[in-house]
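A closer look at the structure
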Amino acid sequence: MKYFPLLWAALWRKKARTIFTLLSITVAFLLFGMLQGVNAGFNQAVEKANVNRLITTSSIALTENLPYGDLAQIEALPGVAGVAHASWFGPYYQDPKNFVFSFPVEPERYFGIYPELILPKEQLQAFINTRTGAVIGADLARKYGWKIGDRVPLHSTIWTKPDGTSDWNFDVVGIYENPTDRAQENAFFFNYKYFDEGRSFSKGTVGWYIVRVKDPTQSAQIAAAVDKLFANSPDETKTETEKEFQQAFLKQIGDINMIVTYILFAVFFALLFATGSTMMQSVRERVPELAVLKTLGFSDTSVLTLVLCESLLLCLLAAALGLIAAWALFPGLKDTLGVVKLPTVVIVEGVVVAVLLAFITGIFPAWRAKRLDIVEALRG
Amino acid sequence: MFKQTTAITSMNLRAIPQRMGTSWVIVIGIAVTVAVLVSVLAMVAGFSKTLSSTGRADRVIVLRGGSVAELSSTISRDNTINIMDAPGVKKDAEGKPIASAEMVAVVALPQRKTGTAANVTVRGVGAKAAELRPEIHLVAGRMFQPAVRELIVGRSALTQFKGVDIGSHISFRNTDWTVVGEFESGGDAHESELMGDIETVLSAFRRNLFQSVTVMLDSPDAFAQYKDKLTTDPTLTVDVQREPDYYAAQSKQLNKLLNFLAFGVGGIMAIGAIFGALNTMYSAVSARSLEIATLRAIGFGAGAVVVSVFVEALLLSLVGGLIGAAAAWLFFNGNTVNTLGANFTQVVFHLTVTPQLLVSGIIWACVIGVLGGLFPAIRAARLPVATALRAA
Amino acid sequence: MSAIVSLHNVVKTYTRGKQTVEVLHNLSIDIAQGDFVALMGPSGSGKTTLLNLIGGLDRPSKGEVNVAGERIDQLSSGQLAKWRARHVGFVFQFYNLMPMLTAERNVELPLLLTNLSSAQRKQNVQAALTVVGLAERAKHKPAELSGGQAQRVAIARALVADPTLLVCDEPTGDLDRTTADEILHLLQMLNKDHGKTIVMVTHDPKAAEFASHQLHLDKGQLVEGSAHA
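What follows covers the overall build of chain C. Within chain C, the secondary structure is distributed over seven helices and ten strands. Relative to the 2.2 N^0.38 estimate, which gives 17 Å for 229 residues, the radius of gyration of chain C is 17 Å and therefore close to what a compact globule would have. Expressed along its principal axes, the backbone C-alpha trace of chain C runs to roughly 45 × 40 × 40 Å. Put simply, chain C has 229 residues, and 51% of those count as buried. The contacts of chain C with a sequence gap of at least 6 include a subset with a gap of at least 24, amounting to 71%.

In structure tokens, the structure reads:
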């Protein structure tokens, strides 16, 4: 508004100091954006979890298999709308470095229970009809240049065939997309039948079940019911909502949240000092000028507001620069994290933190400015 | 010049208490940067230490060819015998190979810290396991008996998980097991595991395939020949690796990530700290422009002025670096961190703030200080004496 | 002519630590509208303190201060601020311009407190700068102006909101003889041609000659000159 020229000029009184403080804040917010983005990225899987789905794994560990026979029993439970299953194939393409996320599934069941995976009907049909058929994610297809009709060999690190080899051949019959989460377009699905017939051990088992419930509010009960089916059997199960499952998995990777919080706390602590010091210095230097403003008729409160607004202007400008930089650099982390875009919520958080920073560093000098006695200040 | 420098420097340093506020900016900015850098690198050091201390140059681990980790490997019983009988393997007093054909299973147990379940390795080991791994010592309880459902728990696993104290019962696949002893093995990867008799574990999981064979060689030099023998055997498809190499490869991914974190985050923080230092030093120089000008007018050389600014910046940075390094050591040294390891199970490792790291941290601090002092020092030297005196 | 400024039995004391010093002792002064008064006296006589009271920068410990019919000694500091904006323009010895603002932005400052539009403000600023003869220096910063020019800008700033009173504290104290005379001529012109009431503190007898009346203070009391100017 009309006070802007005054605020802006006040900031640039000491060019070097303002630039350095600005850059310090920008750097801090760049870090904030990146780290919180990482944090949010990890939590995204949890956020995007579907409330209608439960995951049933062996109660021993995720890595133990479950009998295929369990499927019919789970499906028969009241409240269950559908059941699908998947297993961990664990292959690489040509070189151990090229790991591929691959899962043998039953096409109709799996794509039915994951409606967010968009696959044209004809391709789904081709998948069902082709024994060696494979449906791959759009991102994966782009990465290796695979097209429909290509023959792709994968080497499984786990599953060997009776002849002792671990090389499996597939024909790409479809490409799926996931518009709701572009980071999840890198899977390689193929037919469970081909898998089970081809492997030399653990036949007749699956890795885990996915259960769709009719009413999400009944999730807990249905989960308990599933586990009750197999309690006291050699293959006890653990069923939880998709969200809980993702959360538990993340927890195993470590308390990323905590580490990020610690680092950011440390950074902003240092920043508070730096910015606070700058604001204090700035006000101290401008005591005569602030006194003059008061002689002109600016009230004590308006002088306080002016100082706070200066702080706000500095912090918001710097934070904006830092957050924009983070937003621009973030997609570069795609490969390490699987997150594509800096979530908007992080930017909003950043702005809030910037305002807080401005207030905390500005309030003390602003208060001093308010309480400035004109006569004393002019005399000095 | 030296006398001049000392004179100006001591004058500057004595003036620091008047500029506590801005001086603290450098100290804290650098302290924080060094603390974060050192702690993250301590994670790297700890993790590497855990994995690299697992294994000896004369021990070899054999997996099925093409399997990246034990969990995905399968070896038939016949093959394990051939692997253990191949020449180069050390024999005990009775002429039996010091080797162990093993399997690993993953079991989910509740963690002490969070209460939620995490994966832990249950390793079935052969009869000669104790001789194979002399670094494993029982510190409480007793060894498990063969053919009985008993387990010993590693020290790290004990601190991390609930329900694995001596005397506890764990059940999986309808079998009930008792923890009868606790072992330590110098903080290596095995300390995060539970161990039991191989045949008993195999039958509990209804498996008949082993996952790895670990053998002790006659000497580390026997490796090349041993590997050759196995890889040229037409009945075997195996990967033969020295233990240290195997474990080093496992940590590569996490190492990369942690290093990225350390230098990425640390680097950015360092840049921020440099700006903070520049700010402080510029303001220091500007606040004392009158004094500096007076000194120059009297006859002190520009060089002395430059050095004095540098010394001040360095000193403050040093203090910051020491505080940061000390903080990292105090708060994090010895802390345990656990994360997902190669077998999809938790690996526990201890943050190790090594003296080397402390020194690196302090060096970083000094680098920041020098960079932060450079331009202000030049500015101080180039101060137009007359203008500065007049401004008084 | 009516008294635009009227002080009755004004006492001002300062407390420094344990000491209490009485700076003004029972002062009573009247200043007529349209007058140009020079307040003189040795250092420590209390003339700046008196000026501060007249300008509403400070309140008396005892007594009444009437300016333009208002008892400003009874106003709260918030009300005083508003009052100052409307009624007083200050000119200081060291100009006290904002170093990072241009001349016109400096002059604009008092207008920011009004409801004038941006265009109206610009117009008033132009007018004020023209009166002091610095219209072509509008975009210059104080560092780019000579002492005399800076003081002119300060005077323009004091004028721009059309205040009741111009209060000047040693306005020529930092200027050489020639420039000081120019400034004093300017003040005289504002007084004679534009009817501005001016109260000026000075220790320079030559400056005092430009005023129409002189008041002398010594140790907080009026010495020479009549109480009624």
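Next up on the list: the overall build of chain B. Looking only at helices and strands, one finds twelve helices and twelve strands in chain B. For a compact globule of 392 residues, the expected C-alpha radius of gyration is about 21 Å, and chain B comes in at 30 Å, more than 25% above that figure. Dimensions of chain B, computed from C-alpha atoms along their principal axes, come out at roughly 95 × 45 × 35 Å. Taking all 392 residues of chain B together, 53% fall into the buried category. Look at the contacts in chain B between residues 6 or more apart in sequence, and 84% of them connect residues 24 or more apart.

All names here are of chain B. Domain assignment breaks chain B into domain 1 (2-52 + 250-390) and domain 2 (67-236). The C-alpha-based centres of domain 1 and domain 2 are spaced at 47 Å. With 13 residues of domain 1 in contact, the opposing surface of domain 2 contributes 16 residues. Within the residue set of the side of domain 1 that touches domain 2, elements represented by two or more residues are α2 (20-52), β11 (336-340) and β12 (346-350). At four residues, β12 tops the list of elements feeding residues into the side of domain 1 that touches domain 2. Split by residue class, the side of domain 1 that touches domain 2 holds five nonpolar, eight polar and no charged.

Residues and elements named next belong to chain C. Read across the sheet, six strands follow the order β6-β7-β8-β3-β9-β10 without closing on themselves; strand pairing throughout is mixed. Two strands close off the open sheet at either side, each with one partner strand: β6 (88-91) and β10 (221-222). Here strand β7 (residues 165-169) runs beside strand β8 (residues 197-201); their pairing, made up of five bridges, is parallel. Paired with D169 across the strands is V201, a residue of β8.

This part is about the packing of α2(B) against helix α8 (residues 243-287) of chain B. All names here are of chain B. The geometry of α2 relative to α8 is characterised by a closest axis approach of 8 Å and an angle of 175 degrees between their N-to-C directions. Looking at the two axes, α2 sits roughly antiparallel to α8. Partitioning the contact of α2 with α8 into residue classes produces 25 nonpolar, 16 polar and no charged.

Take the interface of chain C and chain A next. Many structure descriptions define interface size as the accessible area lost when the parts assemble. Every contact between the two is made by 20 residues of chain C and, on the other side, 19 residues of chain A. At six residues, the largest contribution of residues to the side of chain C that touches chain A is made by helix α2 (residues 77-87) of chain C. Looking at the side of chain C that touches chain A residue by residue, the classes come out as eleven nonpolar, five polar and four charged.

A few words now on the arrangement of the chains. Where the two pairs of chains in contact are concerned, the greatest contact count is recorded for chains A and B. When C-alpha atoms are compared, chain B and chain C, though not in contact, are closest at a spacing of 12 Å.

Counting residues in each nonpolar core, the largest one holds 264 residues, and the members touching the most others are A:L31, A:V267, B:V38, B:A42, C:L39, C:A156 and C:V199. If sequence neighbours within four positions are ignored, B:A42 has contacts with B:A328, B:F332, B:L351, B:T352, B:V353 and B:L357. By size, the runner-up hydrophobic cluster in this structure holds 41 residues, among which are A:L117, A:A134, A:F190 and A:F195.

Okay, the sheet that holds strand β1 (residues 3-16) of chain C next. All names here are of chain C. Taken in spatial order, the four strands of this open sheet run β2-β1-β4-β5, and their pairing is antiparallel. The open sheet has two free edges, formed respectively by β2 (19-32) and β5 (70-71), since each of these has just one partner strand. Note: β1 against strand β4 (residues 62-67), five bridges, orientation antiparallel. Its bridge partner lying in β4, V5 is registered against V67.

Attention shifts here to the packing of helix α1 (residues 2-15) of chain B against helix α10 (residues 302-332) of chain B. Residue and element names in this part refer to chain B. Packing of α1 against α10 leaves a shortest axis separation of 8 Å and a crossing angle of 45 degrees. Considering the angle they form, α1 stands oblique to α10. Crossing of α1 over α10 shows right-handed handedness. Where α1 abuts α10, its residues Q4, T5, I8, T9, N12 and L13 lie against A304, V305, V307, S308, V311, E312 and L315. Residues of the contact of α1 with α10, tallied by class, amount to seven nonpolar, five polar and one charged.

Residues and elements named next belong to chain C. With 97% of its residues at a pLDDT of 70 or more, chain C shows a mean pLDDT of 88. Here β10 is the element of chain C with the lowest mean pLDDT, 81, and β8 is the one with the highest, 93. Predicted as a complex, the structure gets a pTM of 0.76 and an ipTM equal to 0.83.

The next subject is the environment of B:S76. All names here are of chain B. With respect to the element layout, S76 can be found in the loop between β1 (59-64) and α3 (77-85). What makes S76 partly exposed here is the crowd of 14 C-beta atoms within 10 Å. Between the C-alpha atom of S76 and that of Q211, which follows or precedes it by 135 residues, the distance is 8.5 Å.

Taken together, the 44 residues of chain B in the interface contact 39 residues of chain A. Of all the secondary-structure elements, those providing two or more residues to the side of chain B that touches chain A are α2, β2 (99-110), β3 (117-125), α8 and β11 of chain B. Broken down by element, the side of chain B that touches chain A gets its largest block of residues, eleven residues, from α8(B).

Thresholds, definitions, all that
Residues numbered from 1 in each chain as written. Chains lettered and ligands numbered in written order. Predicted model: local features only at pLDDT ≥ 70, side-chain atom pairs only at ≥ 80, totals over all residues. Helix = DSSP H or I, 4+ residues; strand = E, 2+ residues; numbered from the N terminus. Rg over C-alpha atoms; globule rule 2.2 N^0.38 Å. Buried ≥ 20, exposed ≤ 12 C-beta atoms within 10 Å, placed from the backbone. Contact = placed C-beta atoms within 7 Å. Domains from an automatic or database assignment. Nonpolar A, V, L, I, M, F, W, Y, C, P; charged D, E, K, R; others polar. Pairing = 2+ DSSP bridges. Axes fitted to C-alpha atoms, helices over the stretch in contact; angles between N-to-C directions. Parallel < 35°, antiparallel > 145°, perpendicular 65-115°, else oblique. Core = buried A, V, L, I, M, F, W, Y, C linked by C-beta atoms within 7 Å. Left-handed = near helix turned anticlockwise from the far one by under 90°. pLDDT = per-residue confidence, 0-100.

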